[in-house]
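These are the residues of each chain, in order.
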Amino acid sequence: MTTPATALAELAQRAHRIRRYALRMGEVQGQGYIGQALGYADVLAVAYGHALTLRPAEPEWEGRDRFLLSHGHYAIAFYAALIEAGVIPESELETYGTDDSRLPMSGMAAYTPGMEISGGSLGQGLPIAVGMALALRHKKNPAFVYNSMSDGELDEGSTWEAAMGAAHHRLANLICLVDINNQQADGPSGKVLGFEPLADKWAAFGWHVQRVDGNHLPAVLKAFDAARQLADAKPRVILFDTLMGKGVPFLETREKNHFIRVDPPEWQQAIAHLDQTNPSHTREGALA
């Protein structure tokens, strides 16, 4: 029988591998949205290692939970999660961003198994998620719709229109995941367009709100479980505060790491740093 401590240790290993896969893909192109992948890995590990109902060999199975990657530039993180989940073979990571690859640098549903939408035009994911959640309810399909989005998408009016629609229709099968890493292409998110007090805003729009440390696995796991088990007929949002570059010190401290280019030797240095803090090699382990 799997104990809570064992489950957390397994999730920590998943998160470690997701970070490692992302770094290996970044090395193929010499650049990428690595900061986001490292910061969001714990959330994706819980999503694909615990929360989502899916069949890796049947990515279009009708009973699956839908996971929408609204922030399409997070594709490198998403591919790493799909590799970890067994949807995509590990061998394909070497093709990342190359011609005819199933792993383009920005997420495209036509190319990648498990990719529900072609994200990237920020603010589009949540409106699509609302439509999917309505359709699933109409079909009496018990699947959940997860919409994963960036804090930059909070700048988009379409996000808040969709939030109102979801609450109006009492979409209890909709869970929104927001990565709050406070970085956008134009600078710190809070300076581009301030969005606090964020939890109060979502609550005012009629959502059940949780805000947790997105790099603390026990908190992430508890939040996912609470979102699925909530009895109230309202949509749910989890706000994850994450650290860009998590696990690689020289990337964590970069002033600008929205899109990262590093010298060739630094990719292996980053992997070495990550391996030094592998939970299976530390005394604290996954519960630290």
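Just above sits the structure.
Basis of the calculations
- Residues numbered from 1 in each chain as written.
- Predicted model: local features only at pLDDT ≥ 70, side-chain atom pairs only at ≥ 80, totals over all residues.
- Heavy atoms only, no water.
- Helix = DSSP H or I, 4+ residues; strand = E, 2+ residues; numbered from the N terminus.
- Rg over C-alpha atoms; globule rule 2.2 N^0.38 Å.
- Buried < 20%, exposed > 50% of the residue type's maximum accessible area, 1.4 Å probe, protein only.
- Contact = heavy atoms within 4.5 Å.
- Lys, Arg positive; Asp, Glu negative; His and termini not counted.
- Charge placed at Lys NZ, Arg CZ, Asp CG, Glu CD.
- Core = buried A, V, L, I, M, F, W, Y, C linked by side-chain atoms within 4.5 Å.
- Expected span 1.5 Å × (residues − 1).
- Arc of directions from axis to C-beta.
- Axes fitted to C-alpha atoms, helices over the stretch in contact; angles between N-to-C directions.
- Parallel < 35°, antiparallel > 145°, perpendicular 65-115°, else oblique.
- Nonpolar A, V, L, I, M, F, W, Y, C, P; charged D, E, K, R; others polar.

**Q** Even after reading the chapter, I still don't get the overall build of the protein chain, so can you show me in this structure?
**A** Secondary structure summary: the protein chain contains ten helices and seven strands in total. Whereas a compact globule of 288 residues would reach a radius of gyration of roughly 19 Å, the protein chain reaches 18 Å, a difference of no more than 12%. With the C-alpha coordinates of the protein chain rotated into their principal frame, the extents come out at 50 × 50 × 40 Å. Within the protein chain, buried positions represent 51% of all 288 residues. Considering only intrachain contacts with a sequence separation of at least 6, the fraction spanning at least 24 residues in the protein chain is 75%. If you average the places of the 25 positive and of the 33 negative side-chain charges in the protein chain, the two averages end up 6 Å apart.

**Q** Explain the nonpolar core here, please?
**A** Taken as a class, soluble globular proteins show a tendency for nonpolar side chains to be buried jointly. Within the largest apolar cluster, 63 residues are counted, with the highest numbers of intra-cluster contacts made by Leu23, Met25, Tyr48, Phe67, Tyr146, Leu177 and Phe224. Considering each element in turn, this core owes the most residues, twelve residues, to helix α2 (residues 34-51). Among all residues touching Phe224, those that are not within four sequence positions of it are Val43, Val46, Ala47, Ala51, Tyr146, Leu177, Ile238 and Phe240. By size, the runner-up hydrophobic cluster in this structure holds 27 residues, among which are Leu68, Ala129, Cys176 and Trp202.

**Q** Got a minute to help me understand helix α4 (residues 125-138) in this structure?
**A** Because an α-helix completes one turn every 3.6 residues, residues spaced three or four positions apart along the sequence face the same direction. Between its terminal C-alpha atoms α4 stretches 20 Å, which fits the 20 Å expected from 14 residues at 1.5 Å a residue. Within the span of α4, buried status applies to Gly125, Leu126, Ala129, Val130, Ala133 and Leu136. With its buried residues spanning 135° around the axis, α4 presents them on a single face. Buried residues belonging to α4 abut β2 (66-69), β3 (145-150), α5 (157-168), β4 (174-180) and α7 (198-204). Just downstream of α4, Lys140 is the residue with a positive phi angle, here 60°.

**Q** Help me understand the packing of helix α1 (residues 4-29) against helix α8 (residues 217-229) in this model?
**A** Close contact between α1 and α8 brings their axes to 10 Å; oriented N to C, the two are set at 105°. What the angle tells us is that α1 and α8 run roughly perpendicular. Contact with α1, carried on its side by Leu8, Leu11 and Ala12, involves Leu217, Pro218 and Leu221 of α8 and no other residues of that element. Of the residues contributing to the contact of α1 with α8, the split by class is six nonpolar, no polar and no charged.

**Q** What is the right way to read the environment of Asn257 from this model?
**A** Here Asn257 shows up in the loop between α9 (249-252) and β7 (260-261). When its relative accessible area of 0% is taken as the criterion, Asn257 is described as buried. In sequence terms Asn257 and Glu62 are 195 residues apart; their C-alpha atoms lie 38 Å from each other. Setting aside chain neighbours within four positions, we find Asn257 in contact with Gly35, Gln36, Gln183, Met244, Leu251 and Glu252.

Coordinates in, geometry out; function isn't part of it.
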